[in-house]
Structures are given as structure tokens and as C-alpha cells.
Amino acid sequence: EDQVTQSPEALRLQEGESSSLNCSYTVSGLRGLFWYRQDPGKGPEFLFTLYSAGEEKEKERLKATLTKKESFLHITAPKPEDSATYLCAVNVAAGGTSYGKLTFGQGTILTVHP
Amino acid sequence: KAGVTQTPRYLIKTRGQQVTLSCSPISGHRSVSWYQQTPGQGLQFLFEYFSETQRNKGNFPGRFSGRQFSNSRSEMNVSTLELGDSALYLCASREVTTMNTEAFFGQGTRLTVV
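Residues numbered from 1 in each chain as written. Chains lettered and ligands numbered in written order. Predicted model: local features only at pLDDT ≥ 70, side-chain atom pairs only at ≥ 80, totals over all residues. Heavy atoms only, no water.

## Things to note about the overall build of chain B
Within chain B, the regular secondary structure consists of zero helices and eleven strands. Taken from N to C terminus, the helices and strands of chain B fall in the order β-β-β-β-β-β-β-β-β-β-β. Relative to the compact-globule value of 13 Å for 114 residues, chain B shows a C-alpha radius of gyration of 13 Å, a close match. By principal-axis analysis of the C-alpha atoms, chain B measures approximately 40 × 25 × 25 Å. For chain B, the residues scored as buried account for 50% of the 114 residues in total. Sequence-distant contacts in chain B: of pairs separated by 6 or more residues, those separated by 24 or more amount to 53%. By element, 48% of the accessible surface of chain B is carried by carbon and sulfur atoms, the whole surface being about 5400 Å². (Helix = DSSP H or I, 4+ residues; strand = E, 2+ residues; numbered from the N terminus. Rg over C-alpha atoms; globule rule 2.2 N^0.38 Å. Buried < 20%, exposed > 50% of the residue type's maximum accessible area, 1.4 Å probe, protein only. Contact = heavy atoms within 4.5 Å. Areas by Shrake-Rupley, 256 points an atom, 1.4 Å probe, with all protein chains shown as cover.)

Shown next, in the form of C-alpha cells:
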């Protein structure tokens, strides 16, 4: 069974204190790994897509990386507005019709204090 | 471009009733997926529709059903509501290409069953 595990469950940082969130996965045939940000009471907001090991993507203070077993979301010099739940999701190869199915991790709740 | 629109935003229903939720995808997106989000289980895949056909189904009882119309709009129906169906229901739309493209989520419908 495909599994996605995110750690830590919660992370509290001071403004400017850089850190990383982890997403480890056990799947057969990764098609893509996706990072989302979710604010309370809202739908997930798309951040990054990673397709193959070694790939990296950056956006403002965020950088996502991918290996064969895990992905990291690095947050450099975070600000209070970066506080949110960060979700990792995978899409796996399970026949030609499986593109629309995402399997999510439980998320990491990030709180950045001023 | 307008985002994914879900209506209504909030619903309160009584056990045993049925409910219909609506989702309008981003213009040009032909794939629509539905997810259930609860504090205990996180985000779980319900089903995906493409070209008015259900392509993928998650592990939910038959009380959960959906459909897609020719304009790609989708509806989700839950019959014989149970207390455990209380959740945030999210719709995501995706542009279908040869690549595994990212899904964009709506704001969700918060369903409370009493």
C-alpha cells in the first residue's frame, strides 16, 4: 500500500530561523510529488511539483527537493505569514487512469513567531 | 483565470438526509477530483471524473457518488448521511496533458451532520 509520512507533525520557529520539513514515501512507481500549503478553513494551495530524484524547485523563501525515498521543503528565513499546514502528496503509476488520484501525508503544522 | 469554485461553502444536515455539493473547475480543466478532509484521517481521495466518466474511485461506501457534466462541472452526492460524514469536502481540477500536472483546489464545502 502506498504510504506518505510527513515529519514533524508540528514545527514552531522564530522569524528568520530556517528549517526543513520532511516527506517520506513508500510507493510503487512515483509519477509526481506535490507540495501544498493550507491555511485554516481554506483549500490547499499548490506550491511545487517534483517528478524525478535530484530535482529542485524554488519559490521565494521555499525550496523543494526530491530523492528516491523522500522530499524536503526547506524554508529560509521564514516570516509569520508562512505559518500554515504544509501538505505533501504523491501520484503513483497504477494503470493509465490514475493521474487524478493524490495520496496525501498528514501534514506539518508550521508556526512562525515574530 | 477564475479558480475552482465550490458551492455551498457551508452546510448543516441531519442524519439520514442526503446532500449535493457542486464544483466548477478552472476553465479548460477537464479532470475533477473530490477529497474528504477530516482531522483524524486527513485528506482522502473520493473519486475523479474526466469527460463525464468516473476514472478512479477511493475506498468509500456507495453512499458517496458523483457525476460530471459536459461543461466539466461536477457534483458530489452523499446519501443517508451519518455523523461521521462531517468533514471539509474539497474539489480539485486539473488540466489533462501527457504530463502529470498539478491539481488546483477550491475552498471546500464544510458539511456538518447533526
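## Quick notes on the pairing of strand β5 (residues 42-50) of chain B
All names here are of chain B. For β5, the tally of buried residues reaches eight of nine residues, placing the bulk of the element in the interior. Counting the residues between successive antiparallel strands, the hairpin from strand β4 (residues 31-38) to β5 contains three residues. With four bridges joining them, β5 and strand β6 (residues 53-57) adopt antiparallel strand pairing. Looking across to β6, one finds that Y49 is bridged to Q54. Hairpin geometry of β5 and β6 is characterised by an intervening segment of two residues between the two adjacent antiparallel strands and by a positive phi of about 50° at S51. (Pairing = 2+ DSSP bridges.)

## What about the sheet that holds strand β3 (residues 19-24) of chain B?
All names here are of chain B. The strand order across the open sheet built from four strands is β1-β3-β8-β7, with neighbouring strands paired in antiparallel fashion. Lying at the two open borders of the sheet, with one neighbouring strand each, are β1 (5-7) and β7 (64-68). Looking at each pair of strands side by side, their axes are set apart by 20° on average, direction ignored. As paired strands, β1 and β3 are joined by three bridges and run antiparallel to one another. Residue pairing in the sheet places Q6 in a bridge with C23 of β3. (Axes fitted to C-alpha atoms, helices over the stretch in contact; angles between N-to-C directions.)

## Notes on the sheet that holds strand β1 (residues 3-7) of chain A
Working definition: the strands of a sheet are paired by backbone hydrogen bonds and lie parallel or antiparallel to each other. All names here are of chain A. Spatially, β1-β3-β8-β7-β6 is the arrangement adopted by the five strands of the open sheet, whose pairing is antiparallel. Because the sheet does not close on itself, it has two edges, and the strands there are β1 and β6 (56-59). Strand-to-strand twist in this sheet, taken as the mean axis angle between neighbours without regard to direction, amounts to 15°. Here five bridges tie strand β7 (residues 62-66) to strand β8 (residues 70-75), and the two strands are oriented antiparallel to one another. Opposite L66, over in β8, you have S71 as the bridge partner.

## Here we look at the interface of chain B and chain A
Taken residue by residue, the interface counts 25 residues in chain B and 22 residues in chain A. In this assembly, chain B packs against chain A so that about 1900 Å² is buried in total across both faces, 51% of it on carbon and sulfur atoms. Counting across the interface, chain B meets chain A through six residue pairs in polar contact (both at pLDDT 80 or more). Only β4, β5, β6, β9 (87-94) and β10 (103-105) of chain B provide two or more residues apiece to the side of chain B that touches chain A. (Buried area = accessible area lost by both parts, 1.4 Å probe. Polar contact = N/O pair within 3.5 Å; in protein donor to acceptor, adjacent residues only side chain to side chain.)

## A few points about the pattern of salt bridges
Residues and elements named next belong to chain B. Scanning all chains against the criterion turns up ten salt bridges over all chains. Salt-bridge contacts for E75 lead to R67; the nearest nitrogen and oxygen are separated by 3.2 Å. Take R67: its relative accessible area is 46%, and that puts it in the partly exposed class. Residues participating in the shared-partner salt-bridge network are E48, R55 and R94. (Salt bridge = Lys/Arg side-chain N within 4 Å of Asp/Glu carboxyl O.)

## Section: the nonpolar core
Residues and elements named next belong to chain A. If you look at the biggest cluster of nonpolar residues, it comprises 23 residues, and the most contacted ones within it are L33, W35, L73 and Y86. In terms of residue count, strand β9 (residues 84-92) provides more of this core than any other element does, five residues in total. If sequence neighbours within four positions are ignored, Y86 has contacts with Q6, L21, W35, Y36, R37, L47, L62, L73, G107, T108 and L110. (Core = buried A, V, L, I, M, F, W, Y, C linked by side-chain atoms within 4.5 Å.)

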